[in-house]
Amino acid sequence: MTEPPEQVEQHPATGLDDVVHQRVRLGILTVAHQARRVEFGFLRTALGLTAGNLSQHLTVLEKAGLIAVEKGYEGRRARTWLTLTAAGDRALQDEVTQLKRLIQQIENGRPEPSAPGS
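Residues numbered from 1 in each chain as written. Predicted model: local features only at pLDDT ≥ 70, side-chain atom pairs only at ≥ 80, totals over all residues. Heavy atoms only, no water.

Some words on helix H5 (residues 86-109)
- With 24 residues, H5 should reach 34 Å at 1.5 Å per residue; the first-to-last C-alpha distance of 34 Å fits that figure.
- Those residues of H5 lying buried are Gly88, Ala91, Leu92, Glu95, Gln98 and Leu102.
- The inward-facing, buried residues of H5 abut helix H1 (18-21), helix H2 (23-34) and strand S3 (77-84). (Helix = DSSP H or I, 4+ residues; strand = E, 2+ residues; numbered from the N terminus. Expected span 1.5 Å × (residues − 1). Buried < 20%, exposed > 50% of the residue type's maximum accessible area, 1.4 Å probe, protein only. Contact = heavy atoms within 4.5 Å.)

Written as structure tokens, this is what we have:
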């Protein structure tokens, strides 16, 4: 009779979501989490992006169901707003949890500093 293979805990990095973890998308989700509704121009300025680059990232997040995009007008000016969906909020929380696990592993696994002269 063979014994079952050992259960090896996966490294926290394997739990990072490629859609969420990308720097710009993580920034978008974080800003959206902090606000009820975020305007495209505000995000573009806050994250230092071009309009085209931001649009591409918003498309990825919208297709993944993590944000909802709303187009409309403010006066005569066309505007685009986004909100975080429930799935987006969960994905952001999961990402933060995995990042905390990763940080904890690094901090706990760090060898003690050696004494001077040793």
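What about the environment of Ile28?
- Inspection of the secondary structure puts Ile28 in helix H2.
- Setting aside residues no more than four positions away along its own chain, Ile28 makes contact with Leu43, Leu47, Leu54, His57, Leu58, Leu61 and Leu82.

Some details on helix H4 (residues 51-63)
- Spanning 13 residues, H4 covers 18 Å between terminal C-alpha atoms, matching the ideal 18 Å at 1.5 Å per step.
- Buried within H4 we find Leu54, His57, Leu58 and Leu61. Each buried residue of H4 lies within a common arc of 105° when the element is viewed along its axis, so the set occupies one face. Facing away from the buried side of H4 by over 90 degrees, the exposed positions are Gln56 and Lys63.
- Immediately downstream of H4, the backbone of Gly65 shows phi near 80°, a positive value. (Arc of directions from axis to C-beta.)

Considering the nonpolar core
- The biggest cluster of nonpolar side chains holds 20 residues, and the ones touching the most others in it are Ile28, Leu29, Leu43, Leu54, Leu58, Ile67 and Leu82.
- Only H2, helix H3 (40-47), H4, S3 and H5 provide two or more residues apiece to this core.
- Ranked by the residues each element gives to this core, the list is headed by H2, at 6 residues.
- In contact with Ile67, not counting residues within four places along its chain, are Leu29, Leu58, Leu61, Glu62, Leu82, Thr83, Leu84 and Thr85. (Core = buried A, V, L, I, M, F, W, Y, C linked by side-chain atoms within 4.5 Å.)

Looking at the packing of H2 against H5
- Packing of H2 against H5 brings their axes to within 10 Å, and their N-to-C directions diverge by 115°. Once H2 is placed against H5, the crossing between them reads as left-handed. Where H2 approaches H5, its residues Leu26, Leu29, Thr30 and His33 are matched on the opposing element by Asp89, Leu92, Gln93 and Glu95.
- Of the residues assigned to the contact of H2 with H5, the class counts are 3 nonpolar, 3 polar and 2 charged. (Axes fitted to C-alpha atoms, helices over the stretch in contact; angles between N-to-C directions. Left-handed = near helix turned anticlockwise from the far one by under 90°. Nonpolar A, V, L, I, M, F, W, Y, C, P; charged D, E, K, R; others polar.)

None of this, on its own, says anything about what the molecule does.
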